[in-house]
Amino acid sequence: MKKLIYLLIFIPSLLIAQKQKVISGKVIDGATQMPIVGASVYISSAIIGNKTKIEGVIEGAMLGSTTDFDGEFSLKVSDDINFFLVSYIGFETEKIAITEHNTGFVIVLKEKAEMLDEIVLTGYQKIEKRKMTSSYAKVKVAEIQQAGVSNVDQMLTGQIAGVVIQSTNGAPGAPAKIAIRGTSTLNGSSDPLWVLDGIPLEGSDVPKDFSDKDNIDNLQSYAIAGLNPDDIESITVLKDASATSIYGARAANGVIVITSKRGKKGAMRINFNATSFVTQKPDFSKLNLMNSSEKVDFELMLASRSDLTYQQDRGQVARILNAYNQYNNFRDNGFSSISSEAQDAINNLKNTNTNWGDQLYQMALNQQYSFSLSGGNDKNDYYFSAGLFDEKGTTKGTGQKRYTITLKNNFSITDKLTAGVSLFGNQNTTDSYITGADAYTNPSYYSRNANPYLQVKDENGNFVYDPDLIERSDLNLDYNILEERQNTDYQLISNSIKSIFDVNYKFNNELLFNTQLGLQLDFNKTEKFGDINSYYTRKYKQKSKYSTGNGNYDYFLPEGGIIQNWNTNAFQYNWKTTVNYNTKFNQIHELDVMLGTEFRRNQQTEIHTKGFGFNSKTLTTIPITDERALENAAFETYKKNFNENAYASFFGTASYTFDKKYTFFSSLRYDGSNLFGVDPKFRYLPLWSLAGSWNVFREDFMYDVDIVTDLKLRASYGVQGNIDKSTSPFVIGEYYSESILPGLTEEVIRALTAPNGKLRWEKTVSSNIGLDLGLLKNKIYISGDYYYRKSTDLIGLKSVPLESGFNFINTNWATVSNRGFELAINTRNITTPDFKWTSSFNISHNKSIVDEIEIREEDFKPSLKGYSVNAIFAIKTAGLDSEGLPLFWRDGKKISAVDFYNLDNGTDGSQLSREDHRNLYSYVGDGTPKFSGGFNNKFNYKQFYLGISTNFNLKQTVKSTPSYHLSLVEPGKNYSSEILNAGTGKFPALIGPTTPGFDTDLVYSWYNSFDDGKTYNDLDIWVKEISYIRISSIKLGYELPREYLEKLKISSLNFNIEGRNLLVFGTDYKGFFDPESYGSIYSQPIPKIISLGFNLSF
Amino acid sequence: MKNIKYIYLILILNFIACDDYLDIEPVGQVIPKTVEEYRSFLTSAYASPIKHKVLTTYRADEINLDKNAEGVSYYKDIFIWNDLNPSPLTSSFPYAIMYRNIFYTNHVIENSKTIIGNQTAINQLVGEAYALRALHYFQLVNMYGKPYNKTTASTDLGVPITTKYDSDKEYPLQTIEKVYAQILSDIENAEGLLTIEQQALGYNYRFSKIAVKAFKSRVYLYQQEWQKSIDVANEALTINSVIQNLNVASSIMPSEYNSVESILALETIADFDLVNHTTISTGLINSYNQVEDLRFPVYFSKNTNGTFNSNKGSDTKYKSSYRTSELYLTIAESLAELNKTEMAKQQLLEFAKYRYTPAGWELYKTKVNLLDTNNLVTEILEERRREFAIEGHRWYDLKRTTQPKLTKVFNGTLYTLEKNDARYVIPFPNDAIINNPNL
């Protein structure tokens, strides 16, 4: 730039004809008050171009000078020029008006706050922000950090446009579901790739469907669960294809790059953070369940109706009536006619109220601490930290405890050679309730179903078993949730070490060699234990039942508890080598080339053992000798799984920048992975991208647009892809052993999947256009992006004729496109020495459309074609008829269920073909929020700090679990008080086979038994569109004035008080704890947290 | 710039080493290539438990089912021939699993030229694959098709035929004629390839020369090709003609895999529910001379309440497909059908010697010798009923012969399967129909 200006000075001839004046002055650095040498002082060519009307004048010529050794300048300009510009690298350009006085200007340049050396870390490269052509977003963890949150994923909620994060379960350590720019897959994982200091992390996939019980209840070890947010400096989210394609196939869902903290040059700095937080007990009344009085009246109502015969012997009211032999009397003559003992017993019941919320949920006091030590000099920098996070969940007996240790060291061995080593170690223990027996062990579920009058313990302190929790008509296995919690354990201990070794060799200023080896070792130990006196064990025992002839039975399960262990050992290494070549020629051409290789290998061994007859004192088990156990997988005592994958990739990027204005970028990567059974033509997948950016702000014509202080346009296009390794053109077999006849066990090979030579690779083509705009000295900074992603040939399971030998095959069956926009606005509203107010607002919208999908002949629900990936289909009801049966719409007319389902005596609706069935449904909305985003404000007043973070989701359609089933209401269960409205408004009446009304029997038998597609759950009365804004955090801080601290040699001391998730505004979500988990009857409530903490630095 | 050359060299070396790096054989997975691997591959088809014999026993007249029996809902509607609106819990007749096994056999046959290894072993393996495929089509067509009838076989619809895997293929129903032609062509291919005369104990679930002949003789019997059936049965008997003599005490039943008369011990004949939760029907009990018939105490045990249970059970040792007894009875039946009454009686009595006490045999002889041709055929079928009780023959024998009227009482209600009732043909399972609109 500077030399360019020199050149331009020697084009004076153009200006000779005009009257001239001389301007002179001095340029100084605002921070140091020292003169700036070599600053450019010039007049925009645009100005000259406008003023000179001489033929042949080249537009774009400039006039200017540079400052001398004393920072002084002098410049002859045409008389009608009335302002000039002063710029210097790293400083804000100043525009100076020429007034009466032409000389003696003192121009103070201010350092560019953020623009100076903003470097974007992609994990492979460091790219200067100005050369960045891709769509990305970066946040500093210090600015988004919240107390009482163990993982960084949840802190990102509402912070970054286009990154939609939903906490789906309030259990300690539960993952958040992250979607970056929608979903590009229908079956596979939609998790983004997490990268820590250049190393992609491995971990369990976050489950897609959180309405599923097992997804909520199973403890898993997730990729970032072991990282202490205090150790993280910043997070960069790479969103478009040009940013992510360098990561290869795994980056299809976006990449989140974590940059950890490192030591800074200077004296040793010690930092200590301590926070106590209180997680509040969830408000159980939100579930809107019936209380004892309501429930007893409800049961009386059921008993009074002769048409409702389902499970007539269940529920305490029925038991009392039966015990006093008054059931029929009550039904025929009413409550007043039954014996006074029975009346008393029933009335008593109304007064027994067990608050299941109090029994199962709690308030908990928790702690989190971290300590760090860092520093450095020219040769070496270091960072060491230790952390403890200890949280007890609001659901009793759940919790998470994590210890972390981080160590980072960087050395300069010679001027050219530097090396770095990092270690991240952690132990993470998660406790939960036992799962697997059935849904009753899930406290959220049980608390919705347990009767309010059911006591937990009797007068003698013995556990009361739920008499209504019955396996079969003749079997009750004695369930008491508190006893179960006492006698069972479920724990996951994850130990993880991640280490990174990094060597850089700088041949010269242009050529840099880097090699980086990352290791990740994970040891996960899961233990699930049910003692002898647990429902879990009692239920398991039933699996060992066998007949001893003549109607007698026995069990082969040995007496004792059941202990199950899963030990998983995972190892991965990632070895990456790159060569970077950066050069600049003729002052206006910049070229950055990177070439590299990456080798990655991971191994996972899982050993699952089951011990029966476990004695917790002797810690021994009893072997099962019964032959029946041999054929039953439930009694398999040992199982080992081993898995290994290798990847080899070659990649390169090239970036060319012209005149700091135009940047072109391209990347290419060949991804290879282990070849077993993979079609050779897919051995290496080519993934590539092209992108460009235009720094409009640097164009001359922008100089007189005062209001704009930055403007950049970006565009990118790229191809990503994936190949499904589970299908192969060959028949792949798996070894098992079988014994066909006695005395001989043989190895057998079972075909894994159907051979398929026709499968193409999944391909996602993305394009992105974006704009970055700074206004008013970047007081307002706006970034906007529009993107379009099309994923073709998505692989899915398709059912095939059974005659082929298979039920399903993988096939290229769908095309999905996502389009959307993102907008982020950051503003510095007020900046005075005492008071500062900054805001950031972001909003994003993503619309997915399934363009193509093969219809599955056996499906009950309509094809997604033309709808969103998460489209919700429901059956439109038209209110109720006079008997309370649902009515439906067809051709604009209200019709009965009999006509709608085409029910007929004898055929029970079975004549509905699957296609007819699909046609019953209508599209009612998108399960993805239409708009998501956040609005965050920060205020600083003298020593005080206030931060308010909010996030919102607007217009999301959710289908809830029905609060009751019209033909299957169990008197022994509690229900949402919605059931009291059954038969009125939109809620269908309770019916039995003999309930009066036209064809009620047909409707009853349809919903009760023949409705294989479970259409009752899909009635539109259970569907709701919700929108909400959550105040995720309000944080108040106070920093002690320095003058008090200096004496104590303390460099800073802050106190914080924070409230998390205190308020939600929006559509009512009655019946559920949170709008996020609306519709899910299994998820634990998202905790409200109040925390108090301090941060001390020396 | 020298440095760049080094780096370049490293990159190139990386590229070369790469294919080895990526060549991971997953533990426990294999793409079959050798004859040993293909053998293991075919063994998994042999090993998949096909319970058509168990389920047809519920449909025939050999057992009683009580409404309170455990698991009754799985079998109730099969028992009372309720095909129209059965309970969703009803056990499905095997279909998918049979075509899965056919896929295995097809894969072995299709790749017979490229299997690596000893040619004799390959021939034996491929021969078995042909025979096993034929066996599956035979079972399928007899479950889901009408019985073979020479005059209508070319129009009666049987089951789809597939001999090659193709994901886009249609699977239309083929005529019974075509299915039988496929079966016989596979059997002939098997005969040409099989090298083992008789399998050793423990391996006798695998086809051998004698097994494929016994199978072929049954196919001809079902086709009512009487003379061909006799000829093939006789060929088989030249390899093994021993019948277990029940006059000599033994702990082994004739139908067990290790009895002297076992030819192929592949199919499961009974399972836990069948043995423990049903009782033997009065009709079957009454068909025996409980005193003189040596089979009665061997086959059945009496409960305290006077009912009987089958002794043939779910243990793998009870697996049975063909045994020499069947060859004798097939020959007898075919001779009788060919009006060679005397020869037929001789054959039947020769067999019966091993099944009755000497006194009982004398009685039986007198009875048989008095029979005319028609009654002799009936008696031979009765003898089959007694001999193969709870071995999965009954339903198919009823179906291929007279399709008589059957009656059953369940939960106090009388159910009837009329003579020649359409329900002698089992409907295709629901999931098969949903996935293949051609059914």
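Residues numbered from 1 in each chain as written. Chains lettered and ligands numbered in written order. Predicted model: local features only at pLDDT ≥ 70, side-chain atom pairs only at ≥ 80, totals over all residues. Heavy atoms only, no water.

The next point concerns the overall build of chain A. Each helix and strand counted, chain A has 18 helices and 47 strands in total. The C-alpha atoms of chain A give 35 Å as radius of gyration, which agrees with the globular expectation for 1098 residues (31 Å, within 12%). Oriented by its inertia axes, the alpha-carbon framework of chain A measures out at about 115 × 70 × 70 Å. A buried classification covers 55% of the 1098 residues belonging to chain A. Taking the contacts inside chain A whose residues are at least 6 apart along the sequence as the reference set, 70% of them involve residues at least 24 apart. Side chains of chain A give 113 positive and 124 negative charges; the mean places of these two sets differ by 7 Å. (Helix = DSSP H or I, 4+ residues; strand = E, 2+ residues; numbered from the N terminus. Rg over C-alpha atoms; globule rule 2.2 N^0.38 Å. Buried < 20%, exposed > 50% of the residue type's maximum accessible area, 1.4 Å probe, protein only. Contact = heavy atoms within 4.5 Å. Lys, Arg positive; Asp, Glu negative; His and termini not counted. Charge placed at Lys NZ, Arg CZ, Asp CG, Glu CD.)

Moving on, we come to the sheet that holds strand S39 (residues 877-880) of chain A. Residue and element names in this part refer to chain A. What the three strands build is an open sheet, ordered S39-S40-S41; its pairing is antiparallel. The open sheet has two free edges, formed respectively by S39 and strand S41 (893-896), since each of these has just one partner strand. On average, each strand axis in the sheet is inclined to that of its neighbour by 40°, with strand direction left out of account. Bridge count for S39 against strand S40 (residues 886-890) is two bridges, and the pairing is antiparallel. Across the sheet, Leu-880 pairs through a bridge with Pro-886, a residue of S40. (Pairing = 2+ DSSP bridges. Axes fitted to C-alpha atoms, helices over the stretch in contact; angles between N-to-C directions.)

Residue and element names in this part refer to chain B. Orientation of helix H6 (residues 119-144) relative to helix H7 (residues 176-193), taken along the N-to-C sense of each, is 160°, at an axis distance of 8 Å. As the angle between them shows, H6 and H7 are arranged roughly antiparallel. Taken as a pair, H6 and H7 cross one another with a handedness that is left-handed. Facing H6, whose interface residues are Asn-123, Gln-124, Val-126, Gly-127, Tyr-130, Ala-131, Arg-133, Ala-134, Tyr-137, Phe-138, Val-141 and Asn-142, H7 presents Ile-176, Val-179, Tyr-180, Gln-182, Ile-183, Asp-186, Ile-187, Asn-189, Ala-190 and Leu-193. Each residue belonging to the contact of H6 with H7 can be placed in one class, and the counts come to 14 nonpolar, six polar and two charged. (Parallel < 35°, antiparallel > 145°, perpendicular 65-115°, else oblique. Left-handed = near helix turned anticlockwise from the far one by under 90°. Nonpolar A, V, L, I, M, F, W, Y, C, P; charged D, E, K, R; others polar.)

Right, let's get into the confidence of the model for chain A. When pLDDT is low, close inspection of the predicted coordinates is not appropriate. Residue and element names in this part refer to chain A. Per-residue confidence for chain A gives a mean pLDDT of 85, with 94% of residues at or over 70. Here residues 1-17 scores under 50 on pLDDT; set against residues more than four positions off or in separate chains, the count is 19 contacts. With pLDDT under 50 throughout, residues 45-61 is counted as low confidence; its partners more than four residues away or in other chains account for 21 contacts. (pLDDT = per-residue confidence, 0-100.)

Let's shift gears to the interface of chain B and chain A. Every contact between the two is made by 64 residues of chain B and, on the other side, 65 residues of chain A. Carbon and sulfur atoms supply 64% of the area that chain B and chain A bury against each other, a total of about 5,800 Å² over both sides. Of all residues in chain B, Tyr21(B), Leu22(B) and Ile24(B) bury the most surface against chain A, accounting for 13% of the area lost on that side. For the interface between chain B and chain A, the tally reads one salt bridge. A salt bridge links Arg206(B) to Glu746(A), with the nearest nitrogen and oxygen atoms 2.7 Å apart. Between chain B and chain A we count 13 residue pairs in polar contact (both at pLDDT 80 or more) in total. The residue inventory of the side of chain B that touches chain A, partitioned by class, reads 32 nonpolar, 20 polar and 12 charged. (Buried area = accessible area lost by both parts, 1.4 Å probe. Salt bridge = Lys/Arg side-chain N within 4 Å of Asp/Glu carboxyl O. Polar contact = N/O pair within 3.5 Å; in protein donor to acceptor, adjacent residues only side chain to side chain.)

Quick look at the sheet that holds strand S13 (residues 193-196) of chain A now. One open sheet holds the five strands; their spatial order is S10-S15-S16-S13-S14 (chain A), and the pairing between them is mixed. Two strands bound the open sheet, and with one partner strand each, they are strand S10 (136-140) and strand S14 (199-200) of chain A.

Residues and elements named next belong to chain A. Together, Lys-138, Lys-140, Lys-264, Arg-269 and Arg-1042 line one region of the surface with positive charge. With respect to the element layout, Lys-138 can be found in strand S10. Note on Lys-138: relative accessible area 34%, which makes it partly exposed. (Patch = residues over 30% accessible without salt bridge, like charges linked within 9 Å, V, L, I, M, F, W, Y side chains within 5 Å. Areas by Shrake-Rupley, 256 points an atom, 1.4 Å probe, with all protein chains shown as cover.)

Here we come to helix H5 (residues 96-110) of chain B. Along an α-helix, residues three or four positions apart point the same way, because every turn accommodates 3.6 residues. For H5(B), spanning 15 residues, the distance from its first C-alpha to its last is 20 Å, which sits close to the expected 21 Å at 1.5 Å a residue. Of all 15 residues making up H5(B), 11 are buried, and the element is well covered by its neighbours. The complete set of buried residues in H5(B) reads Met98(B), Tyr99(B), Asn101(B), Ile102(B), Phe103(B), Tyr104(B), Thr105(B), Asn106(B), His107(B), Val108(B) and Ile109(B). On the buried face of H5(B), the contacting elements are strand S33 (746-751) of chain A together with helix H2 (35-47) and H6 of chain B. (Expected span 1.5 Å × (residues − 1).)

This next bit is on the pattern of salt bridges. Residue and element names in this part refer to chain A. All chains considered together, the criterion is met by 71 salt bridges over all chains. The shortest N-O distance in the salt bridge between Glu-202 and Arg-250 comes to 3.9 Å. Taken as a pair, Glu-202 in the loop between S14 and helix H5 (213-217) and Arg-250 in the loop between helix H6 (241-244) and strand S16 (255-260) lie far apart in primary sequence, 48 residues in all. Look at Glu-202 and you get partly exposed, because its relative accessible area is 25%. Among the ionic pairs, Arg-262 bridges to Asp-381, the shortest N-O distance being 2.9 Å. Remark: Asp-381 occurs in strand S19 (residues 380-392) and Arg-262 occurs in the loop between S16 and strand S17 (266-279); sequence separation between them is 119 residues. Of the residues examined, Arg-262 reaches a relative accessible area of 44% and is grouped as partly exposed.

Applying the stated rule across the entire model yields 74 aromatic pairs over all chains. Taking the centre distance of 5.1 Å and the plane angle of 85° together, the rings of Tyr867(A) and Phe873(A) count as edge-to-face. Measuring from centroid to centroid gives 6.2 Å for Phe207(B) and Phe215(B), while their planes differ by 40°, and the two rings are tilted. Judged by relative accessible area, which is 0%, Phe207(B) ranks as buried. Through pairs of rings, three or more aromatic residues link up here, namely Phe888(A), Phe900(A), Tyr901(A), Tyr964(A), Phe987(A), Trp1006(A), Tyr1007(A), Tyr1016(A) and Trp1022(A). Cation over ring: Lys576(A) sits above Tyr124(A), and NZ or CZ is 4.5 Å from the ring centre. Across the ring face of Trp361(B), the terminal group of Lys353(B) is positioned such that the distance to the ring centre comes to 5.8 Å. (Phe/Tyr/Trp six-rings, centres within 6.5 Å; stacked < 30°, edge-to-face > 60°. Lys NZ or Arg CZ within 6 Å of the ring centre and 35° of its normal.)

Moving on, we get to the side chain of Thr429(A). Among the secondary structure elements, Thr429(A) is positioned in strand S21 (residues 417-432). The class for Thr429(A) is buried, based on a relative accessible area of 14%.

One finds Ile183(B), Phe207(B) and Phe215(B) to be the most contacted residues of the largest nonpolar core, which totals 141 residues. The greatest single-element share of this core, amounting to 15 residues, is contributed by H6(B). Every residue in contact with Phe207(B), bar those within four places of it in the chain, is listed here: Tyr46(B), Gln124(B), Glu128(B), Ala131(B), Leu132(B), Leu135(B), Leu194(B), Gln199(B), Val212(B), Phe215(B), Leu264(B) and Tyr322(B). Among the nonpolar cores identified, the runner-up in size contains 44 residues, and Val850(A), Leu912(A), Ile979(A) and Trp1022(A) belong to it. (Core = buried A, V, L, I, M, F, W, Y, C linked by side-chain atoms within 4.5 Å.)

Moving on: helix H16 (residues 373-387) of chain B. Taking 1.5 Å per residue as the helical rise, H16(B) with its 15 residues ought to reach 21 Å, and the 21 Å between its terminal C-alpha atoms agrees with that figure. Leu376(B), Val377(B), Glu379(B), Ile380(B), Leu381(B), Glu383(B), Arg384(B), Arg385(B), Arg386(B) and Glu387(B) are the residues of H16(B) that are buried.

Quick look at a nonpolar patch on the surface now. Residues Phe411(A), Ile413(A), Val421(A), Phe501(A), Leu517(A) and Trp575(A) make up a contiguous nonpolar surface patch of about 510 Å² in total accessible area. You can see Phe501(A) is positioned in strand S22 (residues 488-506).

All names here are of chain A. Among the 15 residues in strand S31 (residues 708-722), 11 count as buried, and that is most of the element. Bridge analysis of strand S30 (residues 684-694) against S31 gives seven bridges, and the strand direction is antiparallel. Bridge pairing links Trp-688 to Val-719 in S31. In this sheet, strand S34 (residues 762-775) lies alongside S31 in antiparallel orientation, the contact comprising 14 bridges. Across the sheet, the residue bridging to Lys-712 is Asp-772, located in S34.

Let us look at the environment of Val120(A). Residue and element names in this part refer to chain A. The topology assignment puts Val-120 in strand S8 (residues 119-121). Sequence separation between Val-120 and Thr-404 is 284 residues; the distance between their C-alpha atoms is 27 Å. Look past the residues within four positions of Val-120 in its chain and what remains in contact with it is Gln-125, Lys-126, Ile-127, Lys-129, Met-132, Tyr-136 and Thr-236.

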